[in-house]
Amino acid sequence: MSNTIFNLSNVQNALVNSPTKGIKMLPLDVVVKVKASEWEQYLDRIQSLCSTKWNKCRKLCARELIYGETKKCHQAGFYISDRNVCLAQKDTKLYYCEATIFIKQYVNNPEVVLICMTNNHTNHVPDNTSEIRTLPLSSEAIKIIEDQLKGGSTYRNTRISMKNILYKFHSDENKSLDIWMHEKLPSQNYCIFTGNLSAYSNNAQNFAFGFPSPSQMMLMRIYQSFCLDTTYNISARNIEILYSLVTHHPDTGKGSPVAYMIINNHSISSINQ
Ligand SMILES: [Zn+2]
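Residues numbered from 1 in each chain as written. Predicted model: local features only at pLDDT ≥ 70, side-chain atom pairs only at ≥ 80, totals over all residues. Heavy atoms only, no water.

## A look at the pattern of salt bridges
Inspection of the entire model under this criterion finds five salt bridges. One salt bridge in this structure joins K71 and E69, with 3.5 Å as the shortest N-O distance. There is no split in this pair, since K71 and E69 are both buried. Salt bridges sharing partners connect three or more residues here, namely E173, R237 and E240. (Salt bridge = Lys/Arg side-chain N within 4 Å of Asp/Glu carboxyl O. Buried < 20%, exposed > 50% of the residue type's maximum accessible area, 1.4 Å probe, protein only.)

## Observations regarding the side chain of H121
Tracing the chain through its elements places H121 in the loop between β8 (112-119) and α2 (128-131). Look past the residues within four positions of H121 in its chain and what remains in contact with it is T52, W54, C73, C97, A99 and P126. (Helix = DSSP H or I, 4+ residues; strand = E, 2+ residues; numbered from the N terminus. Contact = heavy atoms within 4.5 Å.)

## Some remarks on the pairing of β8
Summarising burial for β8: six of the eight residues are buried, a large majority. In the sheet, strand β4 (residues 31-35) pairs with β8 via five bridges, with the strands oriented antiparallel. Following the sheet pairing, K35 is matched in β8 by V112. For strand β7 (residues 100-106) and β8, the ladder comprises five bridges, and the chain directions are antiparallel. Of the residues in β8, the one forming a bridge with I103 is I115. (Pairing = 2+ DSSP bridges.)

## Quick notes on unusual backbone geometry
You will see that D29, though not glycine, has its phi angle at about 60°, which is positive. Here D29 shows up in the loop between β3 (24-25) and β4. Its relative accessible area of 53% is what places D29 among the exposed residues. Not every positive phi belongs to a glycine, and N189 is a case in point at roughly 65°. Of note, N189 is situated in the loop between α5 (173-187) and β9 (193-194). In this structure N189 comes out as exposed when scored by relative accessible area, which is 56%.

## A look at helix α6 (residues 214-222)
Among all positions in α6, only Q216, M217 and L219 are buried. Projection of α6 onto a plane perpendicular to its axis shows the buried side chains occupying an angular sector of 160°, all on one side. For α6, exposure combined with an orientation more than 90 degrees from the buried face picks out M218, R221 and I222. (Arc of directions from axis to C-beta.)

## A word on the nonpolar core
Counting residues in hydrophobic clusters, the biggest one holds 23 residues, and the most contacted among them are L26, V34, I101 and I115. Those elements giving two or more residues to this core turn out to be β4, α1 (39-50), β7 and β8. It is α1 that contributes the most residues to this core, five residues altogether. Contact partners of V34, with chain neighbours within four places excluded, come to I5, F6, W39, Y42, E111, V112, V113 and I115. In this structure, L185, F207, F209 and I262 belong to the second largest nonpolar core, which totals eight residues. (Core = buried A, V, L, I, M, F, W, Y, C linked by side-chain atoms within 4.5 Å.)

## Quick word on the sheet that holds β8
In spatial order, the strands read β1-β4-β8-β7-β6-β5; together these six strands make up an open sheet with mixed pairing. What marks the edges here is a single partner per strand, and that holds for β1 (5-6) and β5 (54-59). Where α1 meets the sheet, its contacts fall on β1, β4, β5, β6 (65-73), β7 and β8, and the angle it forms with β4 comes to roughly 130°. (Axes fitted to C-alpha atoms, helices over the stretch in contact; angles between N-to-C directions.)

## Brief notes about α5
A rise of 1.5 Å per residue sets the reference length of α5, with its 15 residues, at 21 Å; its end C-alpha atoms lie 20 Å apart and thus fit the reference within 8%. The largest bend along α5 reaches roughly 40° and is located at W180. Positive backbone phi, at 65°, marks N189, one or two positions downstream of α5. (Expected span 1.5 Å × (residues − 1). Bend = angle between axes of the 7 residues up to and from the residue.)

## Some details on the environment of N174
Inspection of the secondary structure assignment puts N174 in helix α5. What makes N174 partly exposed here is its relative accessible area of 37%. Each C-alpha atom of the pair N174 and Q205 lies 8.8 Å from the other, and the pair is 31 residues apart in sequence.

Following this line, the structure appears as structure tokens:
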């Protein structure tokens, strides 16, 4: 067992890479030691890095333990729906996953809490793209929301500052956009389109870019007729326009966007990538 006692800033070093890019996991059967006074925050951090929520399973009682419990992956359990598929209904979260961790604090070493994954995920690969709807926000994000609301911030301002925390990756908007386009979206297999506007404009601030998600690209391949929808006033700058390419969704029968494009140059011409 390693003697390192991890803290919030280095707890990611206790984790290993999972088969899914960008997602970590606890190493199997390796005991990770964390500072006892803050172990719940460490677990929150581990949960968000591993895209897994651990639900309480069983209390562990023993004379040598101050505290002990086992937790199961949020995909544990089994559920078969007998209803017809309802489009608005969320997918079931349960895949009968057997991943288990234990959390133990011993009487003879009360300063430290031990966390260990004893069973690996089964029938389920933690992956934040498909599960993001069902996973909680990280504890840091919740703390920021709490502090802002307690400090008298309006819901609207709190929402705006959360957007900045979650979706703004650099204080310079252009650099933040570059990170979105070249790191964040490609890591989730989005197709990225960046138009070269130099033929139409000398203004280096002009841009044209677009991004369909993998599921949108699938829809795009099925259909041959599309509508182009335009949305103005998408930001504080009224020159920016969002174009959505919309097609008929095979399940809902309604219009469904299959690609988004954002542009701040109003020239009329074809765009070259
Ligand atoms: Zn699992």
